[in-house]
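# Report on the structure
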Amino acid sequence: MAKNNTLAGKREKIKKGDLIFYCAILALPLLSLVVFYFYGNFNSFLLGLKEYDTSTGTFSWEGFSAFSQAFSDLFSKQIGIALKNSLILYAISLFITMPLSLLFSYYIYKKFPFSGIIRVLLYLPSIIASIILIVIFKFFVGRFLPEVIGCEGNLLGNPSTAFPIILLYVVIVGFGGTTLIYSGAMNGINDSVIEAAQLDGCNKLHEFIFIVIPSIWPTFTTYVVTGLAGLFMAQMCLFDIYGQGADANIQNIGYYLYAMTAKGDFSEYPYLSTFGIYLTIVTVPLTFGVRYLMNKFGPSAE
């Protein structure tokens, strides 16, 4: 009886220790969720009900005028152009950058010739400081490339050429991190699965489509969902290139909000807060919906 009581006491201590460990692990992410999401959005809602008095330098309660202005601006021409550019950026990332990253990752995973060199070249932009890349990029497309192709003027100064060139830059510098993560996920695939497929006569293309992609589908889903969650935050390095002087035809939502915030005009903060709330209302259900559909109808590793 005494022995049974001792074992029961040990089990109880283990359960308490596990509970303390779980609580300690969950404390930081839950705290981050409460502070940076719930409190941040609640504070944005309160700020949207205020106005800034330039004479006293304080905020005071005003009403829902900022909500009305932000809602009407959602249908303005400027926001329409910015929204279109944000959607184009996400489409480029989803249908060009991501498939190429998967192909490069598969090439590296299979250790094909020069795969090590390709890995370094793709990850190199992630190592070099972004400001250095921007300076090189501005010199290349602003001075060197126009002289080579024989055109006049800075290609970044012409809205008709600036937007596609910037998209090209975003694609080129966007391979490093995704390729590294995808190749790491592919390395976790059981070798016996690949060997069994090869014994059944599976070629490289079928192996990539029917074995590799389903095996790394959770990682792929994560990138799609996080990219969608940041749909209105990415600003395509526009602020690094133009500062606050980017042409309206090449601006996207992320740059529009970032540039207005960078002005430091407190009177704009209620408007920006309400604008962000509207974007959150759109983004949150869309993100969870896409995640649900990808998990439900996506391929299974089994």
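Below is a summary of the structure that appears in this document. (Residues numbered from 1 in each chain as written. Predicted model: local features only at pLDDT ≥ 70, side-chain atom pairs only at ≥ 80, totals over all residues. Heavy atoms only, no water.)

Turning our eyes to something else, we now look at the layout of surface pockets. By volume, the largest pocket amounts to about 810 Å³. Around the largest pocket, the lining is made up of 24 residues, and of these Y37, N41, M233, G276 and T280 lie nearest the centre. Sorting the residues of the lining of the largest pocket by element identifies α1 (2-48), α12 (253-262) and α13 (269-297) as the ones contributing at least two each. A per-class count over the lining of the largest pocket returns 14 nonpolar, 10 polar and no charged. Put simply, the second largest pocket is a space of about 670 Å³. Looking at the second largest pocket, it is lined by 30 residues, and the ones nearest its centre are S93, T97, V170, G174 and A234. If you list the elements that add at least two residues to the lining of the second largest pocket, you get α3 (77-109), α5 (130-149), α6 (159-173), α7 (175-187) and α10 (217-229). Residues that form the lining of the second largest pocket fall into these classes: 18 nonpolar, 11 polar and one charged. (1 Å grid on protein atoms, 1.4 Å probe; cavity = no way out; pocket = protein on both sides within 12 Å on 5 of 7 lines; lining within 4 Å. Points joined across faces, edges and corners; volume = space filled by probe spheres on them. Helix = DSSP H or I, 4+ residues; strand = E, 2+ residues; numbered from the N terminus. Nonpolar A, V, L, I, M, F, W, Y, C, P; charged D, E, K, R; others polar.)

Attention now moves to helix α9 (residues 204-215). Buried within α9 we find E207, F208, I211, V212, I213 and P214. Contacts made by the buried residues of α9 are with α3, α7, α8 (191-199) and α10. Near the N-terminus of α9, the side chain that reaches the backbone nitrogen of L205, with its oxygen 3.2 Å away, is that of N203. (Buried < 20%, exposed > 50% of the residue type's maximum accessible area, 1.4 Å probe, protein only. Contact = heavy atoms within 4.5 Å. Polar contact = N/O pair within 3.5 Å; in protein donor to acceptor, adjacent residues only side chain to side chain.)

On the surface, L26, L28, L30, L31, L33, V34, V35, F36, Y37, F38 and Y39 cluster together into a nonpolar patch covering about 1100 Å² of accessible area. Within the secondary structure, V35 is located in helix α1. On the basis of relative accessible area, V35 is assigned to the partly exposed category, the value being 37%. (Patch = residues over 30% accessible without salt bridge, like charges linked within 9 Å, V, L, I, M, F, W, Y side chains within 5 Å. Areas by Shrake-Rupley, 256 points an atom, 1.4 Å probe, with all protein chains shown as cover. Salt bridge = Lys/Arg side-chain N within 4 Å of Asp/Glu carboxyl O.)

Residues L102, M186, F220, I253 and F275 are the most contacted members of the largest nonpolar core, which totals 37 residues. When contributions to this core are tallied by element, the ones reaching two or more residues are α2 (65-73), α3, α7, α8, α9, α10, α12 and α13. When neighbours within four sequence positions are excluded, I253 is seen to be in contact with I79, A82, L83, S86, F232, F275 and L279. Core analysis: the second largest hydrophobic core is formed by 20 residues, L133, A162, L167 and A259 among them. (Core = buried A, V, L, I, M, F, W, Y, C linked by side-chain atoms within 4.5 Å.)

What follows concerns the packing of aromatic side chains. Taken as a whole and assessed by the stated rule, the structure comprises 21 aromatic pairs. Ring geometry for Y256 and F275: centres 5.9 Å apart, planes at 50°, overall tilted. Within this pair, whereas Y256 is found in helix α12, its partner F275 is found in helix α13, the two being separated by 19 residues in sequence. The buried category is assigned to Y256, whose relative accessible area is 10%. Here F275 falls in the buried class, since its relative accessible area comes to 0%. What links up through ring pairs into an aromatic cluster is the set F45, F64, F67, F71, F75 and Y278. In this structure, K50 packs its charged tip against the face of W61, placed 4.8 Å from the ring centre. One residue, K296, lies across the ring of F297, its end atom 5.7 Å from the ring centre. (Phe/Tyr/Trp six-rings, centres within 6.5 Å; stacked < 30°, edge-to-face > 60°. Lys NZ or Arg CZ within 6 Å of the ring centre and 35° of its normal.)

A separate point is the packing of α7 against α10. At their nearest, the axes of α7 and α10 sit 9 Å apart, and the two run at 155° to each other. When the axes of α7 and α10 are compared, the pair comes out roughly antiparallel. For the element pair α7 and α10, the recorded crossing hand is right-handed. Residue-level inspection shows G177, T178, I181, Y182 and A185 of α7 in contact with α10, the latter providing T219, F220 and Y223. (Axes fitted to C-alpha atoms, helices over the stretch in contact; angles between N-to-C directions. Parallel < 35°, antiparallel > 145°, perpendicular 65-115°, else oblique. Left-handed = near helix turned anticlockwise from the far one by under 90°.)

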